[in-house]
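Single-letter residue listing:
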Amino acid sequence: MGALDKPALEVAFKRFEIPMQNSVGAYALLFDAPLSANFISLPCVDLDVLQTQSFRYPVNPAEGYIDASVYFEDVHNPVDITNLEFGPLVDGRLTLTVVSRWLMSYEGTAFDDFDLVFSVSLGDLRMSQW
């Protein structure tokens, strides 16, 4: 569980490229920072109950948003998580698909914002152990 006994999620990514554009041309940076998400509002934390359900969230700062961010190149970058989709429970595991917008330009860096849909496998019936 995260702050205020709300579910939290931390996702470590394999390295992937972030496309960039500057006055010289296009290039890519390798990204491997973890995503932290807190204050996730869900009706319960039992994955057996959450399976096959989908939940929509507003973007920050609207009430009910998920407080998510990444630190990349020593810069805080908010991440708007707008949808969580829980798959079916199979052999004690289910897939959580996350729909997100990464606000890499938040602190005036040269990074471009981008949308990312990714999935993680959850293996315990309690989200507190994600």
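The structure this text deals with has already been given above.
Residues numbered from 1 in each chain as written. Predicted model: local features only at pLDDT ≥ 70, side-chain atom pairs only at ≥ 80, totals over all residues. Heavy atoms only, no water.

Student: Explanation requested: the overall build of the chain in the structure shown.
Tutor: The number of helices and strands found in the chain is one helix and nine strands. Walking the chain from its N terminus toward its C terminus, one meets helices and strands in the order β-β-β-β-α-β-β-β-β-β. A buried classification covers 37% of the 130 residues belonging to the chain. (Helix = DSSP H or I, 4+ residues; strand = E, 2+ residues; numbered from the N terminus. Buried < 20%, exposed > 50% of the residue type's maximum accessible area, 1.4 Å probe, protein only.)

Student: It is not clear to me how the nonpolar core should be interpreted in this structure. Could you clarify?
Tutor: One broad rule of soluble globular proteins: the nonpolar side chains tend to lie buried together. Counting residues in hydrophobic clusters, the biggest one holds 33 residues, and the most contacted among them are Leu35, Ile81, Leu84, Phe86, Trp102, Met104 and Phe118. Of all the elements in the fold, those that place two or more residues in this core are strand E1 (9-11), strand E4 (35-38), helix H1 (47-50), strand E6 (67-72), strand E7 (75-86), strand E8 (94-102) and strand E9 (114-122). Take this core: its biggest share by element is five residues, from E9. (Core = buried A, V, L, I, M, F, W, Y, C linked by side-chain atoms within 4.5 Å.)

Student: Even after reading the chapter, I still don't get the packing of aromatic side chains, so can you show me in this structure?
Tutor: The geometry of an aromatic ring pair is captured by the separation of the ring centres together with the interplanar angle, meaning the angle of the planes. Throughout the structure, instances matching the rule amount to four aromatic pairs. Arranged with centres 6.1 Å apart and planes meeting at 80°, the rings of phenylalanine 55 and phenylalanine 86 form a pair that is edge-to-face. Taken together, the positions of phenylalanine 55 in strand E5 (residues 54-56) and phenylalanine 86 in strand E7 put the pair 31 residues apart, joining distant regions of the chain. For the pair phenylalanine 55 and phenylalanine 86, a shared accessibility class is recorded, and that class is buried. Both rings, one in tryptophan 102 and one in phenylalanine 114, keep their centres 5.3 Å apart while their planes meet at 25°; by these two values the pair is stacked. In this pair, tryptophan 102 sits in strand E8 while phenylalanine 114 sits in strand E9, placing the two residues twelve residues apart along the sequence. When sorted by exposure, tryptophan 102 lands in the same class as phenylalanine 114, which is buried. Pairwise contacts between aromatic rings join Phe13, Trp102, Phe114 and Phe118 into one cluster. (Phe/Tyr/Trp six-rings, centres within 6.5 Å; stacked < 30°, edge-to-face > 60°.)

Student: Which parts of the structure should I look at to understand the side chain of serine 69?
Tutor: Its place among the elements puts serine 69 in strand E6. Among the residues examined, serine 69 registers a relative accessible area of 14% and is labelled buried. In contact with serine 69, other than residues within four places in its own chain, are Pro34, Leu35, Ser36, His76, Asn77, Pro78 and Val79. (Contact = heavy atoms within 4.5 Å.)

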